[in-house]
Amino acid sequence: MKNLKINNIYQLVSIIIFLIGLLFTYLVAEIDDAPGFLFVGTAITTGCCLCLYGLGSLIDKFETNNKLLANIFEELKNKK
């Protein structure tokens, strides 16, 4: 098995929440005999987890851009 590199904790948490949310949605739909809950619960779980995953990606991009801007600032400061 390959070693997994976890770049951002938000992404890992969103995947775990997604799997738990799908399990919970399936259990509620089966126990309460509510097939509509399966569609609504899956849609809500997927949407929330995609937002959380996107937030993690956005934080990662901000960090990369911040490092690049800091390097540019240092280069400009050293030229003066």
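Rules and cut-offs
- Residues numbered from 1 in each chain as written.
- Predicted model: local features only at pLDDT ≥ 70, side-chain atom pairs only at ≥ 80, totals over all residues.
- Heavy atoms only, no water.
- Helix = DSSP H or I, 4+ residues; strand = E, 2+ residues; numbered from the N terminus.
- Contact = heavy atoms within 4.5 Å.
- Areas by Shrake-Rupley, 256 points an atom, 1.4 Å probe, with all protein chains shown as cover.
- Expected span 1.5 Å × (residues − 1).
- Buried < 20%, exposed > 50% of the residue type's maximum accessible area, 1.4 Å probe, protein only.
- Salt bridge = Lys/Arg side-chain N within 4 Å of Asp/Glu carboxyl O.
- Patch = residues over 30% accessible without salt bridge, like charges linked within 9 Å, V, L, I, M, F, W, Y side chains within 5 Å.

In terms of regular secondary structure, the chain is built from two helices and zero strands. The long-range fraction of contacts in the chain, counting pairs at least 24 apart against all pairs at least 6 apart in sequence, stands at 66%. Carbon and sulfur atoms make up 69% of the accessible area of the chain, which amounts to about 6,900 Å² in all.

Helix length check: helix α2 (residues 35-79), at 45 residues, gives a terminal C-alpha distance of 67 Å against a target of 66 Å (1.5 Å per residue), a fit within 8%. Every buried residue belonging to α2 is among G41, T45, C49 and G56, and all of these are buried. The inward-facing, buried residues of α2 abut α1 (9-31).

Here we come to the pattern of salt bridges. Scanning all chains against the criterion turns up two salt bridges. Between E63 and K67 there is a salt bridge whose closest N-O contact spans 3.6 Å. One end of the pair, E63, and the other, K67, are both in helix α2, four residues apart, so they sit about a helical turn from each other. E63 gets classed as partly exposed once you look at its relative accessible area, which sits at 43%. The salt bridge partner of K77 is E74, with a shortest N-O separation of 3.8 Å. With K77 and E74 both in helix α2 and three residues apart, the pair spans about one turn of that helix.

What follows covers the side chain of T25. One can find T25 in helix α1. Classification of T25 by relative accessible area gives buried; the value is 2%. If sequence neighbours within four positions are ignored, T25 has contacts with F37, L38, G41, T42 and T45.

This part takes up the environment of L12. Here L12 is to be found in helix α1. What makes L12 partly exposed here is its relative accessible area of 34%. Separated by 40 residues in the primary sequence, L12 and L52 have C-alpha atoms spaced 9.8 Å apart.

A surface patch of nonpolar side chains, about 950 Å² in accessible area, is lined by I9, Y10, L12, V13, I16, I17, I20, L55, L58, I59 and F62. Contributions of two or more residues to the nonpolar patch are made by α1 and α2. By residue number, the principal contributor to the nonpolar patch is α1, which donates seven residues. As for its placement among the helices and strands, Y10 is situated in helix α1.

Any functional reading would require information beyond the geometric quantities listed.
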